[in-house]
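Here is how the chains run, residue by residue.
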Amino acid sequence: MKVTFPHMGYMYVSLKGMLEYLGIEVIVPPHCSKRTLTLGVKNSPEFACLPMKLNVGNFIEASELGADTIMMAGGCGPCRFGYYAYVENEILKDLQVNYNLVVLEPPEKHIGELLGRIRKITGNQPWIKVIEALRFGYLKAKAVDIAERLSYQKRPRELIRGATDRALKLAIDEIDAAKNPRELVLAETKAREVMEGVDIDPGRPVLKVALIGEIYTLLEPFANLNIERHLGYLGAEIDRSMMLSEWINDHLFMGLLRNLPSSKRFNKVASPYLNHFVGGHGQETVGSAVWYAQQGYDGALQVLPFTCMPEIVAQSILPRVSERTGLPIMTLIMDEHSGEAGMITRLEAFIDLLQKKNELKEAFTS
């Protein structure tokens with residue numbers, strides 16, 4: 001068995017660590033690229049969203065490297081993601097790319113349901129070993145999130161352009177290379193040292209901008225055209241509404257770990273704008289805009305894939321949130337036609353507006 005999975009940011013570090021801990025051979029697809037997208041667009045329905053097209057491209061490229069089993073998340077509700085694993089598998093069959101498909105549906109009542117589904121890949125390995133592997137994968141996700149958050153603080157203040165990006169790559173490589181929990185502790189320490197070693201100007205004024213929206217386009221840099229990097233270069237310290245370790249805890253571990261921020265904090269403040277589930281992360285997107293306004297952020301950017309139904313619902317509500325809270329919000333919709341240069345132009349205009357708004361505020365209060 002040679003297991004693969006789709007890319008979604010640094011998720012591969014966590015999944016690869018978990019599976020290799022169990023002695024399972026892993027084929028990590030090449031990082032998303034123009035070739036990945038071209039393969040996905042060519043072989044997917046036109047109306048499908050960008051994540052699905054990139055997934056198809058990932059699986060085709062992984063099959064070229066010898067992968068024979070797909071591990072894919074599932075879901076339910078209005079979001080089409082719930083059946084994408086099965087649609088993608090049928091597309092691959094038509095292309096005579098044959099995979100064994102294992103869909104990890106989020107548990108409905110108890111985490112034991114998740115363990116039972118993982119057993120399709122782990123075979124007859126002892127439960128304790130499977131649980132240790134899950135914990136190891138989660139700890140890797142948490143370590144990556146810490147490194148990413150440090151990059152958000154460093155990038156807008158760095159003295160040498162690109163230093164944060166280089167440090168982040170080294171930090172992620174350290175975490176990825178750890179083979180067991182003991183090595184991971186050492187890797188975390190080294191990763192933190194690498195990130196904290198980036199020279200910065202601590203007194204440099206920065207804007208605080210929130211990234212909200214659909215999880216895939218938030219986490220996958222190829223899908224969002226490296227928006228985190230560009231915002232940092234424009235002098236914005238960002239905060240992302242969803243981090244991988246938090247998503248794992250909320251949706252796979254059912255909130256079992258109590259010491260992590262939860263998306264529930266967003267759902268609590270989404271009312272009166274949106275007080276019920278609309279699929280995907282639609283309700284969380286609305287709530288996160290309210291939450292970041294309460295935290296005093298300068299602005300927010302909603303990022304979503306073209307045709308994403310839950311985010312379209314949220315997009316229609318966000319202007320009212322902006323009007324009532326005073327938080328400037330801009331929406332960026334991503335598909336295979338999105339261009340980095342055009343996005344940068346829009347980001348520059350948005351950042352300029354936020355800076356002017358702050359200057360006017362200071363002028364009135366002085």
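See the structure above.
Residues numbered from 1 in each chain as written. Predicted model: local features only at pLDDT ≥ 70, side-chain atom pairs only at ≥ 80, totals over all residues. Heavy atoms only, no water.

**Considerations on the sheet that holds strand S3 (residues 69-73)**
Turning to step 1, where the next piece is worked out: Reading across the sheet, the 4 strands line up as S2-S1-S3-S4 and stay open at both edges, with parallel pairing between neighbours. If you trace the sheet from one side to the other, it starts and ends with strand S2 (25-26) and strand S4 (100-104), each paired once.
Turning to step 2, where the next piece is worked out: Across 2 bridges, the pairing between strand S1 (residues 2-4) and S3 is parallel. Looking at S3, one finds that Thr4 is bridged to Ile70.
Turning to step 3, where the next piece is worked out: Those strands touched by helix H4 (residues 81-94) are S3 and S4, and its axis lies near 160 degrees from that of S3. (Pairing = 2+ DSSP bridges. Helix = DSSP H or I, 4+ residues; strand = E, 2+ residues; numbered from the N terminus. Contact = heavy atoms within 4.5 Å. Axes fitted to C-alpha atoms, helices over the stretch in contact; angles between N-to-C directions.)

**Regarding unusual backbone geometry**
Turning to step 1, where the next piece is worked out: For the bond from Ser271 to Pro272, the omega torsion is 15 degrees, close enough to zero to count as cis.
Turning to step 2, where the next piece is worked out: Although it is not a glycine, Gln96 sits at a positive phi angle of roughly 60 degrees.
Turning to step 3, where the next piece is worked out: Mapped onto the fold, Gln96 is located in the loop between H4 and S4.
Turning to step 4, where the next piece is worked out: Unusually for a residue other than glycine, Asn226 sits at a positive phi of about 60 degrees.
Turning to step 5, where the next piece is worked out: Inspection of the secondary structure assignment puts Asn226 in the loop between helix H9 (215-219) and helix H10 (227-233).

**Examining the packing of helix H6 (residues 127-154) against helix H7 (residues 163-177)**
A pair of packed helices is captured by two measures, namely the crossing angle of their axes and the spacing between those axes.
Turning to step 1, where the next piece is worked out: One can describe the packing of H6 onto H7 by two numbers: an axis separation of 10 Å at closest approach and a directional angle of 170 degrees. Considering their axes alone, H6 and H7 lie roughly antiparallel with respect to each other. Only Thr164, Leu168, Ala171, Ile172, Ile175, Asp176 and Ala177 of H7 make contact with H6, whose side of the interface consists of Lys140, Ala143, Val144, Ala147, Glu148, Ser151 and Lys154.
Turning to step 2, where the next piece is worked out: Here the contact of H6 with H7 is composed, by residue class, of 8 nonpolar, 2 polar and 4 charged. (Parallel < 35°, antiparallel > 145°, perpendicular 65-115°, else oblique. Nonpolar A, V, L, I, M, F, W, Y, C, P; charged D, E, K, R; others polar.)

**What about the pairing of strand S6 (residues 236-240)?**
Turning to step 1, where the next piece is worked out: Most of S6 is tucked away: 5 of the 5 residues are buried.
Turning to step 2, where the next piece is worked out: Alternating residues of S6 divide into Ala236, Ile238 and Arg240 and Glu237 and Asp239, and every residue in both groups is buried.
Turning to step 3, where the next piece is worked out: Sheet topology note: the strand S5 (residues 207-213)/S6 ladder contains 5 bridges and is parallel. Bridge assignment links Lys208 to a residue of S6, and that residue is Glu237. (Buried < 20%, exposed > 50% of the residue type's maximum accessible area, 1.4 Å probe, protein only.)

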